[in-house]
Every structure is written in C-alpha cells, then in structure tokens.
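# Overview (structure and organization)
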Amino acid sequence: MTRPVPSIEEGATETREDTRTLHYLLRLPQPVDKVWAAVATPEGLRGWLAAVEVFEPRLGGAVALHGLGSGRITAWDVERVAEYTVEGRVRFHLEPGVPDGTTVRFTHAYEGEREPPGWRARFERLLDVLTASQDRS
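Summary of the structure given here. (Residues numbered from 1 in each chain as written. Predicted model: local features only at pLDDT ≥ 70, side-chain atom pairs only at ≥ 80, totals over all residues. Heavy atoms only, no water.)

### A closer look at the pattern of salt bridges
Inspection of every chain in the model, using the stated rule, returns 6 salt bridges. Two residues, glutamate 56 and arginine 58, come together in a salt bridge whose shortest N-O distance is 3.1 Å. Note on arginine 58: relative accessible area 44%, which makes it partly exposed. The network of salt bridges with shared partners includes Glu83, Arg89 and Arg91. (Salt bridge = Lys/Arg side-chain N within 4 Å of Asp/Glu carboxyl O. Buried < 20%, exposed > 50% of the residue type's maximum accessible area, 1.4 Å probe, protein only.)

### Observations concerning empty space enclosed by the protein
Within this structure, the stated rule accounts for 1 cavity of 30 Å³ or more. Counted as a void, the largest cavity has a volume near 30 Å³. Leu49, Leu65, Leu68, Val86, Glu87, Val90 and Trp119 together form the lining of the largest cavity. Looking at side-chain class alone, the lining of the largest cavity contains 6 nonpolar, no polar and 1 charged residues. (1 Å grid on protein atoms, 1.4 Å probe; cavity = no way out; pocket = protein on both sides within 12 Å on 5 of 7 lines; lining within 4 Å. Points joined across faces, edges and corners; volume = space filled by probe spheres on them. Nonpolar A, V, L, I, M, F, W, Y, C, P; charged D, E, K, R; others polar.)

Below, the structure is given as structure tokens:
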C-alpha cells in the first residue's frame, strides 16, 4: 500500500475589522494519534513549534510557548481539536484522512498588521519530525 503524499496548502487570508485569519490545510501520511501527539503535547510541540513552558491539557488549561506567549486552551477534543490563545488564536482540527493519514485544518486568527510567525516553515518542520519518527517506528 502506498502512503498518502504529504502536502501543505495555504488557503485564503480573511480580514474582518482588525482581525486577520490565516488558513492552512495539511495532509499528512501519519495517523491521527501521531499527529495529535505532535500538536497537543509538550513533547510534540517542542519538536517543531516552540519550547513549552506551561501546558495543562484540558479546556481552560494554561499554555505558554516560548516566543509565542501565554494564554489558555480554548478548545480541547482529544485527537480532534486543540485551540490555543497564543499569538492570537491558533486552532488544529484533525480529521482521519482518506484512505490513510490525517488532514489538519489549521487557522491562526490575530489582530493588527504584524506578520504571522512563519507557519509554512513551521509546518515543514512538523512534517520532518513526523516523518523521522515514522521512519524510526
């Protein structure tokens, strides 16, 4: 069986008043549990996004990511949705891929004109980390 081909697609950027929302669609060949571990655990986030200073894995829990700030977990549905209020609001919505792998619908909503924190490069690191861990399995 062939693995799904990974892809990182940048969607439209929406602007409403002072809030900008970026959209990405990630198609990853790894199963949901592996992707969840990468986007919703301190060890996983540390591997591709930022060092984790505080992480309380529950709705309303505190989160602090080095260089991205601190906030709360504002959505938490294990192996489905993780949303953090750091650098605005970042949301990872995971779906089982067809036929295999995981689709991640990512959004980053923030206020002001500042540049977002280079999501494409970060997602490429995520893909590298997931691929390396899959190769070791």
